[in-house]
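Fold and contact review
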Amino acid sequence: MKKQEMQATKLSKEMIDNIKHYSENIKTLDEFVDSVRKNPGQYISAIGDEGFMNCIREIFQNATDEMDRSYSPCNKVWVEYFENDFRTIVTDNGRGLPPEDIVRIYTKDHTSSNYDKKAGSGNYSSGTHGSGSKAVNAVSSLFKVTTYRLGRAWQIEFSEGRPTKKYATGNKKIPYAPKEIPNKNNLQGTVVEFTPDFKILKSINIRAMDVYTMIKDLFPLYNINDQIEFTGHTIDGKIIHDDMINKDGIFTFLIRKTDKPLIAPIRFGIDNGTMKADVAITWTPDMNRSADVETFANCTKVDTERSMPSRGFFKGLCDFFRNYMNKIFLANSRRKLEVTNGDCLTGLVGAISSAHIHPIFDSQAKNVCKNDDLFDFLRDLTKRSLQNWAKQKPEDLQKICGFLKDVATARTNADKEKVNISKKYKTDSLTKTPKGFIKAENKDHLELFIVEGLSAASPCQTSRDTRYQAIFPIRGKMPNAFSKSKQEMLKNEEVQAILGILGCGYGKDFDIKKCKYDKIIILSDG
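Residues numbered from 1 in each chain as written. Predicted model: local features only at pLDDT ≥ 70, side-chain atom pairs only at ≥ 80, totals over all residues. Heavy atoms only, no water.

A few words on the overall build of the chain. Scanning the chain from terminus to terminus reveals 16 helices and 17 strands. Relative to its full complement of 526 residues, the chain shows a buried share of 47%. Once local pairs closer than 6 in sequence are excluded, the contacts in the chain between residues at least 24 apart make up 67%. With the model as given, the accessible surface of the chain reaches about 28,600 Å², and the carbon-plus-sulfur share is 50%. (Helix = DSSP H or I, 4+ residues; strand = E, 2+ residues; numbered from the N terminus. Buried < 20%, exposed > 50% of the residue type's maximum accessible area, 1.4 Å probe, protein only. Contact = heavy atoms within 4.5 Å. Areas by Shrake-Rupley, 256 points an atom, 1.4 Å probe, with all protein chains shown as cover.)

Looking down a regular strand, the side chains alternate between one sheet face and the other. The buried fraction of strand β8 (residues 227-233) is high, at five of seven residues. As defined by bridge partners, β8 adjoins strand β9 (residues 239-245) across seven bridges and the pair is classed as antiparallel. Bridge pairing in β9 places phenylalanine 230 opposite aspartate 242. (Pairing = 2+ DSSP bridges.)

Another aspect to go through is the sheet that holds strand β15 (residues 447-452). Here three strands make up an open sheet; going across it, the order is β16-β15-β17 and the pairing parallel. Strands at the two margins of the open sheet, each flanked by one partner only, are β16 (469-474) and β17 (519-523). Taking each pair of neighbouring strands and ignoring which way they run, the sheet shows an average axis angle of 20 degrees. Two strands pair when backbone bridges link them, and β15 and β17 are joined in this way by five bridges, in the parallel orientation. Considered in β17, the bridge of leucine 448 is made with isoleucine 520. (Axes fitted to C-alpha atoms, helices over the stretch in contact; angles between N-to-C directions.)

A word on unusual backbone geometry. The backbone of phenylalanine 86 shows a phi angle near 65 degrees, a positive value even though the residue is not glycine. The residue phenylalanine 86 is located in the loop between β1 (76-82) and β2 (87-92) in this model. Phi at lysine 202 is positive, roughly 65 degrees, even though this residue is not glycine. Of note, lysine 202 is situated in the loop between α7 (198-201) and α8 (208-218).

A word on the sheet that holds strand β14 (residues 348-356). With respect to topology, five strands assemble into an open sheet ordered β10-β11-β14-β12-β13, the strand pairing being mixed. Edge positions in the sheet fall to β10 (266-271) and β13 (300-302), since each of these pairs with one other strand and no more. The average angle at which neighbouring strand axes cross in this sheet is 15 degrees, direction not considered. Where strand β12 (residues 292-297) meets β14, six bridges bridge the pair, whose relative direction is parallel. Residue pairing across strands places alanine 297 opposite serine 354, the latter belonging to β14. Against the sheet, helix α10 (residues 308-329) makes contact with β10, β11 (275-283), β12 and β14, and its axis sits at roughly 130 degrees relative to β14, the strand it touches most.

For β1, the buried fraction is high: five of the seven residues fall into the buried class. Sheet topology places β1 next to β8; seven bridges connect them, and they run parallel. Bridged to phenylalanine 82 within β8 is histidine 233. Where β1 lies against β2, six bridges are found, and the strand directions are antiparallel. Looking at β2, one finds that phenylalanine 82 is bridged to arginine 87. The turn linking β1 back onto β2 is made up of four residues, and phenylalanine 86 within it adopts a positive phi angle of 65 degrees.

Here we come to α8. Of the positions making up α8, those classed as buried are Ala208, Val211, Tyr212, Met214, Ile215 and Leu218. For α8, the buried positions fall inside an angular range of 160 degrees around the axis, keeping them on one side. Along its buried surface, α8 packs onto α4 (48-68), β1, β8, β9, β12 and β13. (Arc of directions from axis to C-beta.)

All right, on to the environment of glutamate 494 then. Along the chain, glutamate 494 turns up in helix α16 (residues 493-502). By relative accessible area, which is 6% here, glutamate 494 ends up buried. Taking the C-alpha atoms as reference points, glutamate 494 and arginine 475, separated by 19 residues in sequence, lie 7.3 Å from one another. Ignoring any residue separated from it by four or fewer positions in sequence, one finds glutamate 494 in contact with Phe472, Pro473, Ile474, Arg475 and Met478.

Let us look at a nonpolar patch on the surface. A surface patch of nonpolar side chains, amounting to about 250 Å² of accessible area, comprises Leu11, Met15 and Ile16. Tracing the backbone shows methionine 15 in helix α1 (residues 13-20). Take methionine 15: its relative accessible area is 45%, and that puts it in the partly exposed class. (Patch = residues over 30% accessible without salt bridge, like charges linked within 9 Å, V, L, I, M, F, W, Y side chains within 5 Å. Salt bridge = Lys/Arg side-chain N within 4 Å of Asp/Glu carboxyl O.)

Looking now at the confidence of the model for the chain. Of the residues in the chain, 88% reach a pLDDT of 70 or more, and the chain-wide mean stands at 86. In the model, residues 425-432 has pLDDT below 50 throughout and makes 15 contacts with residues more than four positions away in sequence or in other chains. (pLDDT = per-residue confidence, 0-100.)

Okay, structure coming up:
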């Protein structure tokens, strides 16, 4: 760029005025609370239901992190939720917060005990930024903390992220502090109670069952025999109560997903002091079922497709079974058959609980785990563990291999059928669409009218919205799906044409998300 290109052009009076006063528009938010309330989505991912659910999860996980620490007495967490005002109370029987640090813990950004985690300490808490609980406080109209420690107790209340006036000390160095309260029953632990600030979070419709479901999803990740007691008060006066004891651990996810597994569950895991993983998998004998694997990172549910632990796991599993199938199990097969990654994942169900001493998430909402070393860790662990399993359980290995062979055979046959279908149905030489098909002009928000014959298509064509409405006239009588086989149905030219028009596949490969039409209207004489 030439410097003379930066020479000022003709400036209007408004531009000149704006340049002179530019500095007045640059603001610095000195308080963390102000930053959160100005930009809640940056800290809790969203407002409304999603943001508030993240708030509940954040406080809940602070309590369960305490339960996971070997040096804490915590073995139970209580959660109480009220639908009428969305008030949430989370209690643990852990160490209790130091009273002198409570204001700092819940108001000062980047304040946490998780910064000095050491390898081998067993501290795999989900906290990373030291911001989560402060952000919840900042978007709460009421945020009350009670701490019970060694026979004594203290309490403090916040509103919109700041301590309320009654906790002012008059001391400039320590302007606010919790007040000591009686602890007659010698309680131990921490209680956090909060109510959302609707000025920030806007409309909320989180039900007690939503909170209960979130807790149940995470509960199997904790230590065996740990307890979580949930009490939900519905808006119509009903109570949802469950005192859960973790009896089955990660196997719980498999129990929920299938009651007829193809083989006994495979479980493996390791903790190297910096990373750890606990994996449980099996297969269902359902060739139409795609992989159903839940993934967790530091006891937080994350996106399976995008997170590094699950991606590493899938890589290890597919490498092992694809290589074994193609190089050993199918080596002497007369029919040329090759197993793909997709075949290996068919019918797979399982859960991956991973952790990193310094987890990296995509945001404070923790939807995606991004630690690259967890990919390698899970890949290598999975391949090594499956090799050991294959030696110890050869019969189960043969069952899975037989199933994967059937999956690959069915997929190969289906692929050939797809090619045949694409070749069979007659298309217009210019438009490459089925003959008689009348396309819509646009590509989104489309409607397809299926009519009987060209005569019915004519009046539809004259009255349709050409931008969004397409028409396909069928010829002759359509085969009855209840009395015809799949093969007979697929041989019909009209069925072939409709499959091509819809574009969403069929059978195992059917995917409604790929359908090109929002509405399909069938106009017939009945």
